[in-house]
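Secondary and tertiary structure notes
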Amino acid sequence: WKRGWVVDVSNNGVIRFEASHGSEGGIGQFSSKPGTIENGQWQHVVVVVQRSELEAASRIYVDGKIVSTGVIRPGDISNPSFDLYFGRCDQFTFSGQIDDVWLYRGALGEPEIRRLANSR
């Protein structure tokens, strides 16, 4: 178990976010239903992480719509010992194309996420 986070897409179109503080069990994960990510289609994806013990405040959006919510408990998920990668996680690689990756310090609200999705 390493401290950090990952966003991945499975072969059956599930998009998942997982965070770990470096010990077994992590601090939370949540994922969409199968078929959310469509092969051969450009899709706008946003993951908003708001840490809370009590409510499913973190969200995944696809094309401006919420497809999953979950709880990511408080904890340090930054890991300056590891590089930030897009399209690769350990031995697994993303089969597709990635364009326009943005990271924000604060959580975006739904109106801003919809504007971003509609402007592509």
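These remarks concern the structure in this document. (Residues numbered from 1 in each chain as written. Predicted model: local features only at pLDDT ≥ 70, side-chain atom pairs only at ≥ 80, totals over all residues. Heavy atoms only, no water.)

When you go through the protein residue by residue, the secondary structure sums to 1 helix and 8 strands. Each helix and strand of the protein, placed in order from N terminus to C terminus, yields the pattern β-β-β-β-β-β-β-β-α. Taking 120 residues into account, the globule formula puts the C-alpha radius of gyration at 14 Å, and the protein, at 14 Å, falls close to it. Its C-alpha atoms give the protein principal-axis dimensions of about 35 × 35 × 25 Å. Per-residue burial for the protein yields a buried fraction of 30% across its 120 residues. The long-range share in the protein, meaning contacts at least 24 apart out of those at least 6 apart in sequence, stands at 41%. When the accessible surface of the protein is split by element, carbon and sulfur atoms take 47% of a total near 8,300 Å². When the 13 positive and 14 negative side-chain charges of the protein are each reduced to one mean point, those points stand 2 Å apart. (Helix = DSSP H or I, 4+ residues; strand = E, 2+ residues; numbered from the N terminus. Rg over C-alpha atoms; globule rule 2.2 N^0.38 Å. Buried < 20%, exposed > 50% of the residue type's maximum accessible area, 1.4 Å probe, protein only. Contact = heavy atoms within 4.5 Å. Areas by Shrake-Rupley, 256 points an atom, 1.4 Å probe, with all protein chains shown as cover. Lys, Arg positive; Asp, Glu negative; His and termini not counted. Charge placed at Lys NZ, Arg CZ, Asp CG, Glu CD.)

Next up on the list: the packing of aromatic side chains. Inspection of every chain in the model, using the stated rule, returns 3 aromatic pairs. Ring centres of Trp5 and Phe17 lie 6.2 Å apart, and the angle between their planes is 25°; this geometry places the pair in the stacked category. Of the two residues, Trp5 sits in strand 1 (residues 3-9) while Phe17 sits in strand 2 (residues 15-21), which places them 12 residues apart along the sequence. Relative to Tyr104, the ring of Trp102 has its centre 6.0 Å away and its plane inclined at 50°; by these criteria the two rings are tilted. Among the aromatic residues, those joined into a cluster by ring pairs are Trp5, Phe17 and Phe30. (Phe/Tyr/Trp six-rings, centres within 6.5 Å; stacked < 30°, edge-to-face > 60°.)

What follows deals with a nonpolar patch on the surface. A surface patch of nonpolar side chains, about 800 Å² in accessible area, is lined by Trp5, Val7, Val9, Leu84, Phe86, Phe94, Ile98, Val101 and Leu103. Summarising the element assignment, Val101 is placed in the loop between strand 8 (92-93) and helix 1 (110-118). On the basis of relative accessible area, Val101 is assigned to the partly exposed category, the value being 40%. (Patch = residues over 30% accessible without salt bridge, like charges linked within 9 Å, V, L, I, M, F, W, Y side chains within 5 Å. Salt bridge = Lys/Arg side-chain N within 4 Å of Asp/Glu carboxyl O.)

On to the nonpolar core. Counting 10 residues, the largest nonpolar core consists of Ile15, Phe17, Ala19, Ile27, Phe30, Ile37, Ile60, Val62, Ile72 and Ile77. Those elements giving two or more residues to this core turn out to be strand 2 and strand 5 (58-62). The leading source of residues in this core is strand 2, at 3 residues. Here Ala19 is in contact with Gly4, Trp5, Gly26, Ile27, Gly28, Ile72 and Ile77, once residues within four sequence places are set aside. Core analysis: the next-biggest nonpolar cluster, separate from the first, contains 5 residues, Val46, Val48, Tyr61 and Ile113 among them. (Core = buried A, V, L, I, M, F, W, Y, C linked by side-chain atoms within 4.5 Å.)

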